Amino acid sequence: MSKAYAGIDLGGTNIKFGLVSTDGEPIIARTVPSNASEGAESILASLLECGQELLLFADENGFDIDYLGIGSPGTVDSERGRILGHSPNIPGWQDTEVSEKLSEKLNLPVHVDNDANVMAVAEVKFGAARGYENVICTTVGTGIGGAVIIAGQLVRGASYSAGELGHVPVVKDGKKCSCGLSGCVEAYAGASGLLDILRESALFSSSASKLAEDLKNGR
């Protein structure tokens, strides 16, 4: 059997999951809605289904999987696989014992870390940051995450929250961010923030563009 890596990326909008070879080449890739607003138990059920699908595919196609890796928004105790901090885009996700709950049902070790952290490690190993020892990575989606690698080592910080670039305030007394602060990068440059800016622009635009028309009509 050939070795492969199994991974799941949990986002505020979608769950992306797949297998890659030991050289980092994609074998399969899938996307399903995360339905994050439905709460922790619903998300865990979706993650379990994704993991089961990956393991079934691996078994049917001769791939050997040693463990499942999961990238999650929020502050993650990577040693225990537990969500520590508030995840603004996933209500009720705090304090969820992700590794423990999924490992039992999949009969496989499950390693969980912050999504930006695992992306940074992957980019250094396989991607755009290969060959570099000092790296800053940013994830841009529903929210904005960040990770820092110095001298080849991932910087986690004393509370596992180093590198959270999305929650650096950049506008004094600015827009309220989902994290509770005001003026954060994420409030302006995350997907929801960008859409808000577009809608505002459309309301005051004299342009006859299709985009402006759709935004004015709530589409």
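Residues numbered from 1 in each chain as written. Predicted model: local features only at pLDDT ≥ 70, side-chain atom pairs only at ≥ 80, totals over all residues. Heavy atoms only, no water.

### Considering the overall build of the protein
- Regarding its fold elements, the protein presents six helices and 11 strands.
- Whereas a compact globule of 219 residues would reach a radius of gyration of roughly 17 Å, the protein reaches 19 Å, a difference of no more than 12%.
- Once the C-alpha set of the protein is aligned to its principal axes, its extents read approximately 60 × 40 × 35 Å.
- Counting all 219 residues of the protein, 37% fall into the buried class.
- Sequence-distant contacts in the protein: of pairs separated by 6 or more residues, those separated by 24 or more amount to 47%.
- Here the protein holds 17 positive side-chain charges and 28 negative ones, and the gap between their average locations is 7 Å. (Helix = DSSP H or I, 4+ residues; strand = E, 2+ residues; numbered from the N terminus. Rg over C-alpha atoms; globule rule 2.2 N^0.38 Å. Buried < 20%, exposed > 50% of the residue type's maximum accessible area, 1.4 Å probe, protein only. Contact = heavy atoms within 4.5 Å. Lys, Arg positive; Asp, Glu negative; His and termini not counted. Charge placed at Lys NZ, Arg CZ, Asp CG, Glu CD.)

### Considering the sheet that holds strand β9 (residues 135–140)
- The three strands are arranged β9-β10-β11 in an open sheet whose pairing can be described as antiparallel. On the outer flanks of this sheet lie β9 and β11 (153–154), each paired with one strand and no other.
- The sheet contact formed by β9 and strand β10 (residues 144–150) spans six bridges and is antiparallel. Each residue of the ladder has a partner; that of Thr138, found in β10, is Gly146. (Pairing = 2+ DSSP bridges.)

### Re the nonpolar core
- With 31 residues, the main nonpolar core has Ile8, Leu47, Leu68, Trp93, Val98 and Leu102 as its most contacted residues.
- Among the elements of the structure, β1 (2–10), β2 (14–21), α1 (40–60), β5 (68–72), α2 (98–106) and β8 (110–114) are those that each provide at least two residues to this core.
- No other element matches the eight residues that α1 contributes to this core.
- Sequence-distant contacts of Trp93, defined by excluding residues within four places in its chain, comprise Leu10, Ala40, Ile43, Leu44, Leu47, Ser72, Pro73, Ile83, Ser87 and Val98.
- Listed in part, the seven residues of the second largest apolar core include Ala120, Cys137, Ala147 and Ile149. (Core = buried A, V, L, I, M, F, W, Y, C linked by side-chain atoms within 4.5 Å.)

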